[in-house]
Amino acid sequence: MFIVSSIPSNFRLSAADFKDVWEHYDVDCNGYIEEQEIDKFLKDLFEAQGQIISKSDIAGLRATLLDCYDLNHDGKIEIAEMSRILPVEENFLLKFKLQNRPISNTNFLRIWRHYDKDRSGVLEKSELQRFILDLMKTNKNITIKPKEMDQILEEILSHFDQNNNGLIEQAELRSILKVPENFLEEMNLYDNLSPEQFTKIFSHYDTNGDGFLQGEELLDIVGDLMRRVEVHLSIEQLETLCQNLLSVIDVDSDGRISQTELAGLFFTSSTDPASVSGSARMPHK
């Protein structure tokens with residue numbers, strides 16, 4: 001369609017930007033844009049690209065737009081229909097299949113990095129709005145109208161903003177997303193682990209059961225180890241640490257960690273700890 005094809009192919013609105021656009025044209029906040037609001041949207045869309053169109057042209061374009069995008073044929077454009085008109089960037093949260101499986105610490109750090117745009121260490125109002133819009137869209141049965149956003153924000157802050165500062169911090173977002181507790185939290189890692197305990201830990205993180213930790217598996221266990229000693233890393237810091245760790249304990253340099261090599265991170269009687277570099281050992285508090 002000409003209306004959409006006139007938008008640059010590399011242009012994408014964020015969820016927050018899309019919300020702002022919708023609120024600007026849904027002047028009466030009734031959840032859809034009608035004739036005059038559609039006309040204003042079309043006029044602004046073309047003028048933004050240096051094209052001046054007449055009232056008669058706008059009327060024709062409105063009819064074409066409704067014919068293509070007014071799915072329920074009510075002569076109005078609803079928010080879901082508008083999302084088909086304007087190119088909106090991919091919902092970041094869909095990558096993590098939130099409805100089907102728990103979120104690992106590694107993926108949580110990726111989610112945090114994506115929404116904490118200014119790297120302030122907290123989610124402010126605009127960042128939280130963008131997160132909420134994406135979160136709602138992970139369930140296709142849930143839609144949210146812009147006028148409902150303030151109420152949802154208030155409810156989320158009421159339930160999860162533990163220090164009442166009007167912001168969402170990492171620990172609070174973990175609660176919202178129901179990130180599982182650190183698997184290593186109840187382990188006494190400063191005593192000698194039995195072979196059974198050590199094997200239990202290794203098996204938990206060896207998710208594909210191939211007998212090695214690599215990629216996401218290695219990121220997950222190292223991230224949980226650091227959190228266990230209250231060292232909180234960004235995803236970039238975690239990736240760097242894993243690379244450095246591989247250079248220390250990956251004895252055969254195959255880019256993955258065997259159960260024997262992993263013993264260098266723990267106090268365990270399953271291998272001889274004296275054979276592994278002390279620099280790779282579990283840090284003391």
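The structure we're discussing is the one just above.
Residues numbered from 1 in each chain as written. Predicted model: local features only at pLDDT ≥ 70, side-chain atom pairs only at ≥ 80, totals over all residues. Heavy atoms only, no water.

Asker: Would you take a moment to explain the overall build of the chain for this structure?
Answerer: For the chain, the helix and strand inventory stands at 13 helices and six strands. Relative to its full complement of 285 residues, the chain shows a buried share of 44%. Residue pairs at least 24 apart in sequence account for 58% of intrachain contacts in the chain once pairs closer than 6 positions are excluded. In the structure as shown, the chain presents an accessible area of about 15500 Å², 50% of it carried by carbon and sulfur atoms. (Helix = DSSP H or I, 4+ residues; strand = E, 2+ residues; numbered from the N terminus. Buried < 20%, exposed > 50% of the residue type's maximum accessible area, 1.4 Å probe, protein only. Contact = heavy atoms within 4.5 Å. Areas by Shrake-Rupley, 256 points an atom, 1.4 Å probe, with all protein chains shown as cover.)

Asker: Just checking my understanding: could you explain the nonpolar core for this structure?
Answerer: It is characteristic of soluble globular proteins that their nonpolar side chains tend to be buried jointly. Core analysis: the biggest nonpolar cluster contains 48 residues, and Ile 132, Leu 173, Ile 201, Ile 221, Leu 262 and Phe 266 have the highest contact counts within it. At the level of elements, helix H6 (105-115), helix H7 (125-137), helix H8 (149-160), helix H9 (170-177), helix H10 (195-205), helix H11 (216-228) and helix H12 (235-249) are the ones that each hand at least two residues to this core. For Leu 262, the contacting residues outside a window of four places in its chain are Phe 198, Phe 202, Leu 213, Ile 221 and Ile 257. With 21 residues, the next largest nonpolar core counts Trp 22, Ile 79, Met 82 and Leu 86 among its residues. (Core = buried A, V, L, I, M, F, W, Y, C linked by side-chain atoms within 4.5 Å.)

Asker: Before we go on, may I ask you to explain the packing of H7 against H8 in this structure?
Answerer: Between two packed helices, both the angle of their axes relative to each other and the distance between the axes serve to describe the pair. Where H7 meets H8, the closest approach of the two axes is 11 Å, and the angle between their N-to-C directions is 100°. Taken as axis vectors, H7 and H8 run roughly perpendicular relative to one another. Across the interface between the two elements, Lys 125, Leu 128, Gln 129, Ile 132 and Leu 133 from H7 touch Met 149, Asp 150, Ile 152, Leu 153, Ile 156 and Leu 157 from H8. Per-class residue counts for the contact of H7 with H8 are eight nonpolar, one polar and two charged. (Axes fitted to C-alpha atoms, helices over the stretch in contact; angles between N-to-C directions. Parallel < 35°, antiparallel > 145°, perpendicular 65-115°, else oblique. Nonpolar A, V, L, I, M, F, W, Y, C, P; charged D, E, K, R; others polar.)

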